[in-house]
Amino acid sequence: MSEVKTVALTIDGRSVRAVEGTNVLRAAAAAGIDIPHFCYHPAFEAEGSCRMCLVEIEGLPKLELACATVVREGLIVRTATDLVRDARRAVLAFLLAEHPLDCPICDQAGECKLQDYYDAHGRFPGRFVEPREKRDKLIAIGRGLILDRERCILCTRCVRYLRRITGTGELGVFERGVRAEIGTYEDARVDNDYSGNLVDICPVGAITDTDFRFKTRTWFLERRPSVCPHCARGCAVIVESVTGYPLGPGERRVFRIRAGENPAVNGHWICDLGRAGRRDIDEGRLTAVTARAATGGTVPWQKAVADLAARIRAVPGPERPARIAVVLNSLMTCQELALARRIFTEALGLGGVFIADPPPGSGDGFLLTAERVPNARGVLEAGFAPRLPDLEALARSTEVLIVFGPYLAGNFPAGTAAPALSPIAVKYLFTSRAVPDDGLADVAVPVAVPAERSGTYINVDGLRQTFRQSVAPPRGVPSEREVLVGLAHGLGLNVGEPDAG
Amino acid sequence: MSGQAFRSLPPNDASWHLEAYLARGGYEAARRAVTSMAPADVVAEIRKAGLRGRGGAGFPAGLKWSFVPQDRPGPRYLCANADEGEPGTFKDRAILVRDPHRLLEGMIIAAFAVGIGTAVVYVRGEYERIAGRLCDAVAEAQAAGFLGRGICGTAFGLDVIVHFGAGAYICGEETALLESVEGRRGQPRLKPPFPAVVGLFGAPTVINNVETLASVPEIIGRGADWFTRLGQPKDCGTRLFSVSGAVRRPGLYELPTGTPLRTIIEEHAGGPPDGVGIKAVIPGGLSAPLLRADELETPMDFDSLAKVCSMIGSAGIIVIGDRTPILDVLAVTARFYAHESCGQCTPCRIGTSWIHKTVTRIAAGRGRSSDLDLILELAGGMKGRTLCPMGDAAALPLYAMVAKFRDELERAVGR
Amino acid sequence: MSYAPSAAALERIERAIALYPERGAALLPVLQAIQAEKGFVTTEAEAWAAEKLGLEPIRVREVLSFYSLFRREPAGRTVIQICRNLSCTLAGAENIIGFLRDSLGLGPGTDTTCDGRITLVAVECLGNCDNAPCLQIDGVDRGRMTRETAEALLRELEAK
């Protein structure tokens, strides 16, 4: 293993070691010194146009850009001198001069670099008394994104992102000088599957998302990391939600999914599918146990699971392999799959354990994989064969069908699964989604979505990623792990403590 | 009649043609260089002559040439900067029109010295009409074997492309010039890397001003020692001084560096018209901080002007008469830089515009007492902080105007 | 309506493209050729140039909108560019500009006469300062303008 070469430099009097080839800005960040910047982004080479990251370098007469200065042995950097402070104030004054007073209605408020830096490095009275450049403010540039040219500080991150990362180049810089502005060409629109990252990288509220527009304020958001469950890449995501105030008491909503940073998996980006997954968390949820034969009211999930356990125990042991079938899915965590193995394969000795997943799509050659499930490798590791059941064969012998996930019917021609399985006496469905009235389940029990669970997924490259619950499930909704543990207890099984997840 | 005094520049007649140029010894230096000198010796001679760039920055030409790495394969480029956008400057134009072969000969020698095979002459778009002569001269030189393959029967070859700009002062900045040649917006690049290492199309590139290159044949022809005997020790040779404004004989004057400003204005350009006094003089193009009437003894060379906090720049001398309100000068300056800012970096993009808006308000009679200090503060926010030297070009003149004519400006603001 | 250059313009364009090691680098000369022929560059011409050079149209617009000499709107048959930088202002350019604008009936925000014959724009330094105040008529320099020579110019253009 080749050693990474480092150099020793001094930043604000502290001795810092940095990897050769790093720029001063990143070296400082690694040492806990935040040098303010707008146009620099670790995914691109230095742009050097915002001028916010100017610092003093010993031996050089002018201030130098931290983002564009590569560390060397013995470099002495000062980031907190009067001169540096003055330079930062000047950049802020310039930016704020031609910046609209939109904070009260701007979605970026609370996570806006301009605000944050003004608070930390500004705090001077504005002196611009001239007429501001008037520009268009509500430009729909595509994919639900809105460009506000008055707020734009021309950091050009968006332009560079679309040129270098997506290669689609829908945005450009037109005109010159203070008239310079970002825009699309004629009627062209931003139209790629990674457009949502533009909102993440815009340091101010110049590019915002209609999906988030005016819905809440960023300071109400709880931000928790998770792993995206929409394909096998397992991108790091940040789930941003509000529980309670300013929503109603006990009300919970996920407002946004943003890209988390994971150099080993997705770098700084996620695809738009992952962002749209926000809806799976809030919308169309099954929130209470529904039984087709129920005469009214619902029961707690524990009761439904206990009933299922009783129903399983009612099948004589030797007959269980033939008469009980289970369908799992590849969104289940490794821990849940291990539990399922202990219960269904080892304890109950079932042979009919199947996997029903959302259909594959096509990979896009970047992050999105053709596989649209996050843990197919986890399924294999747990010893399950990824096979669908033969519905007719299943209907002939099965007495109790236990299905995890709403994906079974979608794997067969429309409208055929439910009738085919109708002979089965008892059908339990554990799903997060509201159930269509197709007769596929006798009892539907709500379960949590991946963002509401903890566990481990194994991604397309075999990387194990463990995540924690990023948002609480609706009240009374268990995770699949809780369901399986409850089932195990109901069956009198000692399955041991499930892996810490 | 436009004044002129030339040591070496021919009149604006048929003297520009190849035959006339050959008749006055043209292409002899190039022939000698490519047939009998080592490239490194050519570089050494130019370094010995101490030829400094005549575009504005004054960087030693030979030193710049020596920065081009000689140890790697691939193309190299030479760019002759004929963007001449610095207000008050019209010397490169005269070379293009009167002595285009001299420029070409200088380019041939420079290209030979550095191992360059392709040269681009970047001509500002406004000179497209007059550049016909340059294009004709290229054709003449090619036909006579001074350009193209096998120059003077050697293995050395040089192709010349004439590329026209399209109206952007910023393209006079060397990296913006490169961007423009590459078909892009003229936005300066971060340095390092420097063009000598990563320049046009990623290849090592030398960019020199037209007058700088036009000085090369004489240095090689007559020797560096001859050149160093002209002008000043640390700023040798003669320069083409553009003189305009409140003078009787505006025009070009080819004089040794170190000639006092007053001499140029009064002896050569005839001084201000009758009844007009001199209020101020801009010595080196609009980007050079102006000098008061009592500072005109300053010798016109790099160090002397630096000592009085100005610069020789493009040697564009603009004489401002005593009836001209300094506010007018301030207004033109502020408007020019705001118009020409490329917009890439924050301080220049917004600073130049803010200053322009402020000065416009003052000129409209709505000035405030704090405006002058504000202008200085804004200039301070740009000076030394921008991606390219245009930030300084926009800021430094303002300091001089406000500092040296504070009373007059305060009265104008208070009006 | 789509754009197609004349044979002469196309030849000029092809010659320009051949000079540059990268096709896209020929964008400025291509736009200059298009504008020389048509007087300005339409969106269709932009698209044509983009395709010709293997560039995205947005890159063409970026360049077109950056440089002052390019026009995206038609100009008058005659384009007068009059300098208003320092030496020319010192020599009275503002008066000449004012006189010409008034004579041509150009109101604020309009640079082209109603009949579309003449466009008058005030520009920055043309590099002809010893002949201040100066201007260019369709790229041809004319200097030492006075009220009289400005009037003569107008008559000259009238006769054209």
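Residues numbered from 1 in each chain as written. Chains lettered and ligands numbered in written order. Predicted model: local features only at pLDDT ≥ 70, side-chain atom pairs only at ≥ 80, totals over all residues. Heavy atoms only, no water.

**Observations concerning the overall build of chain A**
Heads up, the condition is: What counts as a helix is a DSSP run of H or I of at least four residues, what counts as a strand is a run of E of at least two, and both are numbered from the N terminus. Under the scheme applied here, a residue whose accessible area is under 20% of the maximum for its type counts as buried, over 50% as exposed, and between as partly exposed, the area being computed with a 1.4 Å probe on protein chains only. The contact rule is simple, with two residues in contact once any of their heavy atoms fall within 4.5 Å. Each accessible area value is a Shrake-Rupley result obtained with a 1.4 Å probe; residue values ignore everything except the protein chains displayed when judging cover. Charge convention: Lys and Arg are scored as positive, Asp and Glu as negative, and His as well as the terminal groups of each chain are ignored. Every charge is mapped onto a representative atom, which is NZ of Lys, CZ of Arg, CG of Asp or CD of Glu.
What chain A contains, in helices and strands, is 14 helices and 21 strands. Projected onto its principal axes, the C-alpha coordinates of chain A cover approximately 85 × 50 × 40 Å. Buried residues in chain A amount to 55% of all 501 residues. The long-range fraction of contacts in chain A, counting pairs at least 24 apart against all pairs at least 6 apart in sequence, stands at 66%. With an accessible surface of roughly 21400 Å², chain A has 52% of that area assigned to carbon and sulfur atoms. Charged side chains in chain A number 61 positive and 61 negative. The centres of these two groups are separated by 2 Å.

**Looking at the interface of chain A and chain B**
The following threshold applies: Buried area: the accessible surface (1.4 Å probe) lost by two parts on joining, summed over both. A carboxyl oxygen of Asp or Glu within 4 Å of a side-chain nitrogen of Lys or Arg is what we treat as a salt bridge.
Contacts between the two partners involve 36 residues from chain A and, on the opposite side, 32 residues from chain B. Of the roughly 2700 Å² buried at the junction of chain A and chain B (both faces included), carbon and sulfur atoms supply 55%. Of all residues in chain A, Phe 94, Arg 127 and Arg 176 of chain A give up the largest surface area on contact with chain B, accounting jointly for 30% of the area buried on that side. Between Glu 377 of chain B and Arg 127 of chain A there is a salt bridge, with the nearest N and O atoms lying 2.4 Å from each other.

**Digging into the domain arrangement of chain A**
All names here are of chain A. Rules: Segmentation into domains, and thus their bounds, comes from an automatic or database assignment.
With domains assigned, chain A is organised as domain 1 (6-80), domain 2 (95-209), domain 3 (225-282) and domain 4 (290-490). Using C-alpha coordinates to define each centre, domain 1 is positioned 25 Å away from domain 2. Between domain 1 and domain 2, the residue contacts involve 11 residues of the former and 16 residues of the latter. Buried area between domain 1 and domain 2, summed over both chains or domains, comes out near 1200 Å², and the portion from carbon and sulfur atoms is 63%. Summed over the three residues of domain 1 that lose the most area to domain 2, namely Phe 38, Phe 44 and Glu 47, the buried surface amounts to 54% of that side. At the boundary of domain 1 and domain 2, one finds 1 salt bridge.

**Regarding the confidence of the model for chain B**
To keep it simple, the criterion reads: Values of pLDDT, the confidence the predictor places in each residue, fall between 0 and 100.
Counting all residues, the mean pLDDT for chain B is 96, and 99% of those residues have values of 70 or more. On the interface metric, ipTM, the complex scores 0.97, and its pTM is 0.95.

**Some points on helix H8 (residues 174-181) of chain B**
Among the 8 residues in H8 of chain B, 8 count as buried, and that is most of the element. By the burial criterion, the buried members of H8 of chain B are Glu 174, Thr 175, Ala 176, Leu 177, Leu 178, Glu 179, Ser 180 and Val 181 of chain B. Check the buried side of H8 of chain B and you find it contacts helix H4 (61-66), strand S2 (77-82), strand S3 (118-123), strand S4 (159-164) and strand S5 (205-209) of chain B together with helix H2 (27-38) of chain C. Where H8 of chain B terminates, the next one or two residues include Gly 183 of chain B, which has phi positive at roughly 85 degrees.

**Notes on the interface of chain B and chain C**
Across the boundary between the two partners, chain B contributes 52 residues, which contact 40 residues of chain C. Taken together, both faces of the contact between chain B and chain C bury some 3600 Å²; the carbon and sulfur share is 57%. Of all residues in chain B, the largest losses of buried area upon contact with chain C belong to Ala 166, Arg 185 and Arg 335 of chain B, amounting jointly to 17% of the total for that side. Note that Glu 128 of chain B is salt-bridged to Arg 12 of chain C, the shortest N-O span being 3.6 Å. Looking at the side of chain B that touches chain C, the element that brings in the most residues is helix H13 (residues 326-340) of chain B, giving 6 residues.

**So, the nonpolar core**
Just so we agree on the cut-off: Here the nonpolar core consists of buried residues drawn from Ala, Val, Leu, Ile, Met, Phe, Trp, Tyr and Cys, with membership extended through side-chain atoms lying within 4.5 Å.
Of all hydrophobic cores here, the largest spans 91 residues; its most connected members are Ile 170 and Leu 290 of chain B together with Val 30, Ile 34 and Tyr 67 of chain C. Apart from the residues lying within four places of it in its own chain, the contact partners of Ile 170 of chain B are Ala 176, Gly 186, Pro 188, Glu 340, Cys 342, Cys 388 and Met 390 of chain B together with Phe 66 of chain C. Counting 71 residues, the second largest nonpolar core, distinct from the first, contains Val 42, Val 43, Met 107 and Leu 134 of chain B.

**Details of empty space enclosed by the protein**
What counts, and what does not: A cavity, in this analysis, means grid points on a 1 Å lattice covering only the protein atoms where a 1.4 Å probe fits yet has no way out; a pocket is instead an open set bounded by protein on both sides within 12 Å along at least five of seven lines, and a residue lines either one if it has an atom within 4 Å of a point. Grid points are joined across faces, edges and corners, and a volume is the space filled by probe spheres set on the points. Each residue is assigned to one of three groups, with Ala, Val, Leu, Ile, Met, Phe, Trp, Tyr, Cys and Pro labelled nonpolar, Asp, Glu, Lys and Arg labelled charged, and all others, Gly among them, labelled polar.
Summed over the entire model, instances satisfying the criterion amount to 8 cavities of 30 Å³ or more. Taken as a whole, the largest cavity spans an internal volume of roughly 140 Å³. Surrounding the largest cavity, 16 residues form its lining, Arg 135, Cys 152, Ile 153 and Leu 154 of chain A together with Arg 349 of chain B being those nearest its centre. When contributions to the lining of the largest cavity are tallied by element, the ones reaching two or more residues are strand S9 (181-183) of chain A together with helix H14 (346-363) of chain B. Across the lining of the largest cavity, the residue classes tally to 8 nonpolar, 1 polar and 7 charged. The volume enclosed by the second largest cavity comes to roughly 100 Å³. Around the second largest cavity sit 13 residues that line it, and Arg 7, Arg 102, Ser 215, Thr 238 and Glu 254 of chain B are the ones nearest its centre. Elements supplying a minimum of two residues to the lining of the second largest cavity: helix H9 (210-222), helix H10 (224-228) and strand S8 (238-245) of chain B. Sorting elements by how many residues they give to the lining of the second largest cavity places H9 of chain B first, with 5 residues. Counted by class, the lining of the second largest cavity contains 5 nonpolar, 3 polar and 5 charged residues.

**Quick look at the packing of aromatic side chains**
The following threshold applies: Note on aromatic pairs: the rings of Phe, Tyr and Trp (six-membered ring only in Trp) are paired at centre separations within 6.5 Å, and the planes decide the class, stacked below 30 degrees, edge-to-face beyond 60, tilted for the rest. Each ring is checked for a lysine NZ or an arginine CZ that lies within 6 Å of its centre and within 35 degrees of its normal; such an atom marks a charge sitting over the ring.
Taken as a whole and assessed by the stated rule, the structure comprises 25 aromatic pairs over all chains. Relative to Phe 430 of chain A, the ring of Phe 404 of chain A has its centre 4.9 Å away and its plane inclined at 15 degrees; by these criteria the two rings are stacked. Here Phe 404 of chain A is found in strand S17 (residues 400-404), whereas its partner Phe 430 of chain A is found in strand S18 (residues 426-431), with 26 residues between them in sequence. Of the two residues, Phe 404 of chain A and Phe 430 of chain A, both sit in the buried class. A centroid spacing of 6.1 Å and a plane angle of 85 degrees characterise the contact between Tyr 67 of chain C and Phe 70 of chain C, whose relative ring orientation is edge-to-face. On the basis of relative accessible area, Phe 70 of chain C is assigned to the buried category, the value being 8%. An aromatic cluster of three or more residues is present, and its members are Phe 344, Phe 404, Tyr 428 and Phe 430 of chain A. If you follow Arg 256 of chain A out to its NZ or CZ, it ends over the ring of Phe 212 of chain A, 4.0 Å from the centre. One residue, Arg 52 of chain B, lies across the ring of Phe 302 of chain B, its end atom 3.8 Å from the ring centre.

**Focus: the sheet that holds S5 of chain B**
Backbone-to-backbone hydrogen bonds join strands into a sheet, with any given pair of strands oriented parallel or antiparallel. All names here are of chain B. Stated formally: Only when DSSP finds a minimum of two bridges between them are two strands counted as paired. Angular values range over 0 to 180 degrees, each being the angle between N-to-C directions of two axes fitted as lines to C-alpha atoms, with helices fitted over their stretch in contact.
Spatially, 4 strands are ordered S4-S3-S2-S5 in an open sheet, and the strand pairing comes out parallel. With partners counted over all chains shown, the strands left at the sheet margins are S4 and S5, one partner each. On average, each strand axis in the sheet is inclined to that of its neighbour by 20 degrees, with strand direction left out of account. Where S2 and S5 come together, 5 bridges link them in parallel fashion. Residue Leu 78 lies in a different strand from S5, and its bridge partner there is Val 206. Along the sheet, H9 makes contact with S2 and S5, crossing S5 at roughly 90 degrees.

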